[in-house]
Amino acid sequence: MSFYITTPIYYVNAQPHLGHAYTIIASDVLARHMRQRGEDVFFLTGTDEHGEPVADAARAQGLEPKELADRNAARFQALAPQLEASNDFFIRTSDEPHMAAVQAVLQRVHDNGHTYKGIYEGWYCPRCADFKVENEILEGNLCPIHEIRLTREQEENWFFRLSTFQQPLEQLYADHPDFVMPEHHYNEARSFIGQGLQDVSLTRARLKWGVPVPWDSSQVFYVWFDALLNYYTALSYARPGENLTTRFWPATYHIIGKDILKFHTVFWPALLMAAELALPHHVFVHGFLLGADGRKMSKSLGNVLDPFEVIDRYGTDALRFYLMRDVAFGGDGAVGMDAVDSRYESELANEYGNLASRTIAMVSRYRDRLVPEAELDPTLAAEFEVLPSQVSALLDCAEPTQALELIWQRVRRLNRYVEERAPWQLAKEPARAAELDQTLASLSEGVRALSVMLHPYMPAATTRLLEALGRSGTAFTAARFGTQNGGATVRALEPLFPKHT
Ligand code: MSP
């Protein structure tokens, strides 16, 4: 089956921060898991380079928009490997083939009669690149997100007849309760549509930094339409000489933050309908990462968690684990260095890391590095039995935090198993050699199976551990407890998560 997953494409007016890293990591966990299951996966991320957010930032720095875009796009491009993201392509909306494809799709929307020329007058936030309606504007004419003064815009441009998609969108939501996930965001989107849709500007007259409108050279497309279409256009040129569109379209999951819900759950499906293209299966909306003080992260409040600092101090796996573990995916959550430190010490170093080193050390000491072949502990086997199917069912619904919690319960279970069985006692009693064999075999098998399931979350540490266990396969079929039994030779393992002094 094909599985196509996307992150938002990021504005290049600023440098990457933890919020961007968060969506990339979550999407990567899902993409890696699906690859483990043998699905045909395509994972896309990239940068959004046109429109006022970039043009204004460039002007403020005395640069051409393209110069600023090149400079910051390179930083986002470098971010993906630093996060161990396994994206299959990185799209930039300044790519020529993207721009040509945007023109082709929107020309079709125009030819299908979904546009008209009109006068737009209203309030606009240049940082959101969004037109604000009266009831969302803060007192003093401020943007509800950026709290900056809105500009009064009046210009002649092309409109997209969003209002004519009211009924088809209502039908979409009625037919597909999982079009938007989780449910509270489905309800939010549905009620937005229920309030009645107004037509929206499709083009801008004054702006030059954008994709030119093919049927009116005085205009460029409004950046959001150009940006949304990246999910579709990328497939047509990501692989030179090959068009991946029929293989991967429509997308399985668009993963987004809640700040851009309206665009993805209302504008986007309407635009696709207007262009006669298939709709994505799901839009999953996650929450905001907040500062440790529970307030929105911002440089001026000094509560920003820098992903690069976390990576330097604790490593990429720890950052990935922390974000998937500490903030329930789909909700808001506070993050901070103290919390990273405490999860790192208590869970990664003491629970998983320690379990791994104990297991390998005991197999080395008591069985000369050879994992014994023995009947696996039936109680443990029963407790592990349903885990892989539960994990994959949760990841099918984009619930990485819940899946991780179930896996972690078994990490703890194995640590208790070590205490219960006390292999160091068994080793002193030759008559209990069979019991010791069973304990070591079950433990090694448990650690191995869990590491396969943890692999999408912590690719580097699990790879090292699986190699040390002499079993490097990460296909999801190997997540079942009991697929391997004995016979492997373990190798010494440096601490997976060294303690910090
Ligand atoms: N360019 C648009 C998106 C176009 S998609 C067709 C945009 N870019 S952005 O650079 O502002 O990135 C917004 C996205 O970054 C959010 O939707 C979310 O995925 C991520 N985050 C940015 N800040 C965040 C937090 N504080 N917390 C969680 N995610 C955040 O909007």
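Bear in mind that the values here come from a model prediction, so they are computed numbers and not experimental data. (Residues numbered from 1 in each chain as written. Predicted model: local features only at pLDDT ≥ 70, side-chain atom pairs only at ≥ 80, totals over all residues. Heavy atoms only, no water.)

Visitor: Mind showing me how you'd approach the domain arrangement of the chain here?
Guide: Each assigned domain of the chain is listed with its residue range as follows: domain 1 (2-286) and domain 2 (337-479). If you average the C-alpha positions of domain 1 and of domain 2, the two centres end up 42 Å apart. When the two sides are added together, the surface that domain 1 and domain 2 hide from each other amounts to roughly 1,300 Å², 66% of it contributed by carbon and sulfur. For domain 1, the biggest contributors to the area lost against domain 2 are Val29, His33 and Gln36; these three give 43% of the whole. The interface formed by domain 1 and domain 2 holds one salt bridge in total. For the salt bridge of Arg37 with Asp396, the shortest nitrogen-to-oxygen distance reads 3.0 Å. Across the contact surface, domain 1 and domain 2 share six residue pairs in polar contact (both at pLDDT 80 or more). Of the residues forming the side of domain 1 that touches domain 2, the biggest block, six residues, is contributed by helix α1 (residues 18-36). (Domains from an automatic or database assignment. Buried area = accessible area lost by both parts, 1.4 Å probe. Salt bridge = Lys/Arg side-chain N within 4 Å of Asp/Glu carboxyl O. Polar contact = N/O pair within 3.5 Å; in protein donor to acceptor, adjacent residues only side chain to side chain. Helix = DSSP H or I, 4+ residues; strand = E, 2+ residues; numbered from the N terminus.)

Visitor: I tried to follow the site of the ligand on my own but got confused; where do I start?
Guide: Close contacts around the ligand come from 23 residues, with Ile9, Thr23, Asp48, Asp259 and Leu289 the closest. Measuring from an oxygen atom of the ligand, one finds a backbone N or O atom of Gly257 at 3.0 Å. Contact between the ligand and Asp259: an oxygen atom at 2.9 Å from a side-chain N or O atom of the residue. Coverage of the ligand by the protein amounts to 91% of the 680 Å² it exposes when considered alone. The set of elements that each furnish at least two residues to the shell around the ligand consists of β1 (2-11), α1, α7 (223-228) and α8 (230-237). For the shell around the ligand, the residue count by class is twelve nonpolar, nine polar and two charged. (Near = heavy atom within 4 Å. Areas by Shrake-Rupley, 256 points an atom, 1.4 Å probe, with all protein chains shown as cover. Nonpolar A, V, L, I, M, F, W, Y, C, P; charged D, E, K, R; others polar.)

Visitor: Which parts of the structure should I look at to understand the packing of aromatic side chains?
Guide: Each aromatic ring pair is summarised here by two numbers: the centre-to-centre distance and the angle between the ring planes. Applying the stated criterion to the full structure yields 31 aromatic pairs. Taken together, a centroid distance of 5.6 Å and an interplanar angle of 85° make the contact between Tyr173 and Phe179 edge-to-face. Their ring planes at 80° and their centres at 5.3 Å tell us that Phe263 and Phe267 sit as a pair that is edge-to-face. One end of the pair, Phe263, and the other, Phe267, are both in helix α10 (residues 261-274), four residues apart, so they sit about a helical turn from each other. Ring pairing ties together the aromatic residues Tyr120, Tyr124, Phe131, Phe160, Phe165, Tyr222, Trp224, Phe225, Phe263 and Phe267, which thus form one cluster. We note Arg204 situated over the ring of Tyr124; from NZ or CZ to the ring centre the distance is 4.5 Å. Between Arg365 and the ring centre of Tyr366, over which it is positioned, the NZ or CZ distance is 5.6 Å. (Phe/Tyr/Trp six-rings, centres within 6.5 Å; stacked < 30°, edge-to-face > 60°. Lys NZ or Arg CZ within 6 Å of the ring centre and 35° of its normal.)

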